[in-house]
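Notes for the structure review
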Amino acid sequence: MIDFAAVGQSLDLLFSNFGPWLVVVPGIVLGLIFGATPGLQISMAMAIFLPMTMYMDFIQAMLFLTAIFTGGSFGAGIPAILMNIPGTSSAIATAFDGYPMARKGQHNQALGVALASSVIGALMGYVVLFFMIQPLSYMVLRLGPAEMFVVILWGMTLIASLKGEQVLKGLVAGFVGLLVGTIGFGEIGLARGTMGQTYLLDGVPVIPAMMGMFAASELFKLANKGFIVESADARKVKVSEIFEGCRMAFRYPVVMIRGGLIGVLVGAVPGVGSSVSNLLSYIETKRRDRDPDSFGKGNPKGVVASEAANSSSEGGSMATLLALGIPGGGATAVMLAAFAMHNITGGPQFIRQQTDVVYAIIFANFAQVFLLVIIGLLFIPLLANIVKVPMRYLIPSVLVLAVMGSFGLTGNMTGPATVLIFAVIGWIFRHYGYSVPAAVIGMLLGSLAEKSLLHSYQISGGDITYVFERPVTLAIFALLLISLFSQPLMKKLKARQEAAQS
């Protein structure tokens, strides 16, 4: 239900004076810069500037932090497209087709597709948040560890599709990533896979590992190339082609809407967020497409699916924060700290007593999305010039940036060492045809899968029949089976029909 009296009060809060809006443009720019710089996380930017919000009122503080969040969600896709370096884990799937588009000289179009998809995805997320904040929070509470484990299992089984016909290699890569993700102290306090090294007790740092496997290994492959884009004509930065890319995104409304819905639902689950939603959206789009083999080779649908999902997950994670007082990820955890600084507690009581503030935050985010279009269009042409940089300068610069960024993340040499080690591992994977994305997905989901399985075991007392008492778990498991076997069955039926006709 929409409280129209609270809606009026929220508009009065936002527009009675111009103060709250003074921080929005700087926030979006900061988010774009941190998101577009490999190794600098959106949550890091929000944490760095969190102390400034102590001197703001609550509405202004939330507008500033959510502006960084909005800008960073799109900014992370820029290096993913131009350099195959996802700015954050939420842009992993953007690199799958965005970077091949850039290599073909379609970097302008790819950036335009990403911007349009990101804007529409964020709008969808906040529209759903506006109408469904209370029902969505109730749905999230219904998801227990058993449901979470089956959702993760679903994602892991779909990993094989990332390698097309080489299903076994995709599964092996995903399983290796899963094992790497469980290194360090587990839920029961035992250290696994550390080989006696104390710096592995907290696990392998995922972001430096991701940077090594994606970026550094790709740079090794390009060492003999002159430029990222070989053709001199294709290296030009054209605003008209960026606009063409924006229009291109709207050719795939079903992909955009599906990605947006996946982003909202997955983003609302605490601890999952955009890191998983962009991958699930990409995999589901590829599975449903008539030409799945075109993905990974520069299909714009892959960029649309990823960017729509990772941006709409903002709305889902905000729903969890506002309705339950539970952060959906690192960025919303910083926002929760801002709540505490202003002596405000999120949750059902907050929604009931300060509905006008909740609506004000949502309406402000609508405005931020439109500002992102303007600022993004000014920001993109500047960054797109990176395709003009010769590889002899770009490779060492990017490697130095990756190493420095990883050092900033870990605070010691573990980060740089992880980048270099996983660069070699990534190169080996690429050389022998194993899926680098599948391995990274496994690393991201490893600890979460273990935690969900252990909690399910503890709740059920080891009784497997507990699963049959969970209808939501069974429904998700049924979807897993359908998505896994529907495509092979359809291919067999089609082959039989063609054989019968001939």
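Residues numbered from 1 in each chain as written. Predicted model: local features only at pLDDT ≥ 70, side-chain atom pairs only at ≥ 80, totals over all residues. Heavy atoms only, no water.

1. Here we look at the nonpolar core
Residues M46 and M318 are the most contacted members of the largest nonpolar core, which totals 89 residues. By residue number, the principal contributor to this core is helix 17 (residues 355-384), which donates 14 residues. When neighbours within four sequence positions are excluded, M46 is seen to be in contact with L65, I68, F69, A331, V334 and M335. Among the nonpolar cores identified, the runner-up in size contains 35 residues, and A93, M211, A438 and I441 belong to it. (Core = buried A, V, L, I, M, F, W, Y, C linked by side-chain atoms within 4.5 Å. Buried < 20%, exposed > 50% of the residue type's maximum accessible area, 1.4 Å probe, protein only. Helix = DSSP H or I, 4+ residues; strand = E, 2+ residues; numbered from the N terminus. Contact = heavy atoms within 4.5 Å.)

2. A few points about a nonpolar patch on the surface
Taken together, L168, V172, V176, V424, W427, I428, Y432 and Y434 make up a surface patch of nonpolar side chains, about 730 Å² in accessible area. Listing elements by their share of the nonpolar patch, those giving two or more residues are helix 9 (167-181) and helix 19 (414-431). One can find I428 in helix 19. Residue class for I428 comes out partly exposed when judged on its relative accessible area of 38%. (Patch = residues over 30% accessible without salt bridge, like charges linked within 9 Å, V, L, I, M, F, W, Y side chains within 5 Å. Areas by Shrake-Rupley, 256 points an atom, 1.4 Å probe, with all protein chains shown as cover. Salt bridge = Lys/Arg side-chain N within 4 Å of Asp/Glu carboxyl O.)

3. With respect to the packing of aromatic side chains
The full count for this structure, using the stated rule, is eleven aromatic pairs. Pairing F58 with F339 gives two aromatic rings, centres 5.1 Å apart and planes at 85°, and the pair type is edge-to-face. Note that F58 is positioned in helix 4 (residues 58-75) and F339 in helix 15 (residues 330-341), a separation of 281 residues in sequence. Since its relative accessible area comes to 9%, F58 is described here as buried. Seen from their ring centres, Y359 and F363 are 6.4 Å apart, and the 25° between their planes marks the pair as stacked. Of this pair, Y359 and F363 both sit in helix 17, four residues apart, roughly one helical turn. (Phe/Tyr/Trp six-rings, centres within 6.5 Å; stacked < 30°, edge-to-face > 60°.)

4. Let's talk about the packing of helix 19 against helix 20 (residues 436-460)
Geometrically, a packed helix pair is captured by the angle between its two axes and the distance between the axes. Across the interface, helix 19 lies against helix 20 with an axial gap of 9 Å and an inter-helix angle of 135°. Classified by the angle between their axes, helix 19 and helix 20 sit oblique to one another. Contacts between helix 19 and helix 20 involve F422, G426, F429 and R430 from the former and V436, A439 and M443 from the latter. Its residues placed into classes, the contact of helix 19 with helix 20 shows five nonpolar, one polar and one charged. (Axes fitted to C-alpha atoms, helices over the stretch in contact; angles between N-to-C directions. Parallel < 35°, antiparallel > 145°, perpendicular 65-115°, else oblique. Nonpolar A, V, L, I, M, F, W, Y, C, P; charged D, E, K, R; others polar.)

5. Topic: helix 12 (residues 253-267)
With 15 residues, helix 12 should cover 21 Å at 1.5 Å per step; its first-to-last C-alpha distance of 20 Å lies within 8% of that length. Within the span of helix 12, buried status applies to V255, M256, G259, G260, I262, G263, V264, V266 and G267. (Expected span 1.5 Å × (residues − 1).)

6. Focus on helix 19
Over its 18 residues, helix 19 extends 26 Å from the first C-alpha to the last, a length consistent with the 26 Å expected when each residue adds 1.5 Å. Taken together, the buried positions of helix 19 are T414, G415, P416, T418, V419, F422, A423, G426 and F429. Directly after helix 19, the chain includes G433, whose backbone phi takes a positive value near 80°.

7. Structural notes on the pattern of salt bridges
In this structure the tally under the stated criterion is three salt bridges. With a shortest N-O distance of 2.5 Å, R287 and E284 are connected by a salt bridge. Of this pair, R287 and E284 both sit in helix 13 (residues 274-288), separated by three residues, roughly a single helical turn. What makes R287 buried here is its relative accessible area of 15%. Residue K301 is joined to D289 by a salt bridge in which the shortest nitrogen-to-oxygen separation is 2.6 Å. Remark: D289 occurs in the loop between helix 13 and helix 14 (300-324) and K301 occurs in helix 14; sequence separation between them is twelve residues. Accessibility expressed as a relative area gives 14% for D289, which makes it buried. Taken together, the shared-partner salt bridges in this structure form one network comprising E284, R287 and R288.

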